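Coordinates in review
Chain by chain, the residues run as shown.
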Amino acid sequence: MLLLGLLILVFRAKLMGRCLVPCRANSCHGYRFFLNRGVTLIELMVTLVVLAILLGIAAPSVTQFIVNNRMTSQANGLLADLSRARSEAGARHSPVTVCAAQNSITGAGATTANWESGWLVFVDADANGAIANAADIIRYVAPLEGDTTVVSESFTNVGYLTF
């Protein structure tokens, strides 16, 4: 970074037609700088090489940053749906279930621990983990993007959670 800053300072001084150190009027340490109206091809190539090196260092960390943000966002989405199911159960005075989905209107119930097809939040009047009526569905979440999967490992009711 220090080298890049120094290069920028030198180029700037050269472009402005000034010496890098303060000097008296009409005296520039025996060197005469002329006002340049551009940069040379070598200066441009050096700048591009430095830029390419910096981008090569930064690109992998940006990719990992995007993956981490996607996973965090998807985990927060599931947490928000679990919180919504809990609050809906309290507001409706009726059980509300979150379960793995087979499609937008069919819950997988206790048949699967794989939630990669998305999930459903629905009113479960008889608390059996199955959808009795399509009108009872509060929210359907489509399958997650990317290579993210959600698998339940510690639920006692493998495919659903009832509040």
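What you see is a predicted model; the values in this text were computed from it and never measured.

1. Comments concerning the nonpolar core
Of all hydrophobic cores here, the largest spans 15 residues; its most connected members are Leu78, Val96, Val98, Trp115, Trp119, Val121 and Val150. Those elements giving two or more residues to this core turn out to be helix 2 (41–92), strand 1 (96–100), strand 2 (119–123) and strand 3 (137–141). Of all the elements, helix 2 adds the most residues to this core, at four residues. For Val121, the contacting residues outside a window of four places in its chain are Asp81, Ala85, Val96, Thr97, Val98, Ile137, Ile138 and Arg139. Cys99, Ala101, Phe122 and Tyr160 belong to the second-largest nonpolar core, a separate cluster that totals five residues.

2. Focus: the sheet that holds strand 4 (residues 160–162)
Sheet strands line up and pair through hydrogen bonds in the backbone, either parallel or antiparallel. What the four strands build is an open sheet, ordered 3-2-1-4; its pairing is antiparallel. Edge positions in the open sheet fall to strand 3 and strand 4, since each of these has one partner strand only. Ignoring strand direction, the axes of neighbouring strands in this sheet form an average angle of 10°. In this structure, strand 2 lies alongside strand 3, joined through four bridges in antiparallel fashion. The residue bridging Leu120 from the neighbouring strand is Tyr140, located in strand 3.

3. Here we look at a nonpolar patch on the surface
Judged by side-chain polarity, Val39, Leu41, Leu44, Met45, Leu48, Leu51 and Leu55 come together as a nonpolar surface patch covering roughly 670 Å² of accessible area. Position of Leu51 among the secondary structure elements: in helix 2.

4. Re the pattern of salt bridges
A full pass over the atoms with the stated rule returns two salt bridges. In this structure, Arg139 and Asp81 form a salt bridge, with 2.7 Å as the shortest nitrogen-oxygen distance. With a gap of 58 residues between them, Arg139 in strand 3 and Asp81 in helix 2 connect regions that are remote in the sequence. Among the ionic pairs, Arg92 bridges to Glu88, the shortest N-O distance being 2.7 Å. Placement of both Arg92 and Glu88 in helix 2 is noted, with a separation of four residues, approximately one turn of the helix. By relative accessible area, which is 44% here, Arg92 ends up partly exposed. The exposure class assigned to Glu88 is buried, which follows from its relative accessible area of 19%.

5. Describing unusual backbone geometry
The backbone of His93 sits at a positive phi, close to 55°, despite the residue not being glycine. Structurally, His93 is set in the loop between helix 2 and strand 1. Overall, the relative accessible area of 74% leaves His93 in the exposed class.

6. Considering the environment of Glu88
Placed 33 residues apart in sequence, Glu88 and Val121 show a C-alpha to C-alpha distance of 9.7 Å. Those residues in contact with Glu88 that lie beyond four places of it in its chain are Val96 and Ile138.

Conventions used here
- Residues numbered from 1 in each chain as written.
- Predicted model: local features only at pLDDT ≥ 70, side-chain atom pairs only at ≥ 80, totals over all residues.
- Heavy atoms only, no water.
- Core = buried A, V, L, I, M, F, W, Y, C linked by side-chain atoms within 4.5 Å.
- Buried < 20%, exposed > 50% of the residue type's maximum accessible area, 1.4 Å probe, protein only.
- Helix = DSSP H or I, 4+ residues; strand = E, 2+ residues; numbered from the N terminus.
- Contact = heavy atoms within 4.5 Å.
- Pairing = 2+ DSSP bridges.
- Axes fitted to C-alpha atoms, helices over the stretch in contact; angles between N-to-C directions.
- Patch = residues over 30% accessible without salt bridge, like charges linked within 9 Å, V, L, I, M, F, W, Y side chains within 5 Å.
- Areas by Shrake-Rupley, 256 points an atom, 1.4 Å probe, with all protein chains shown as cover.
- Salt bridge = Lys/Arg side-chain N within 4 Å of Asp/Glu carboxyl O.

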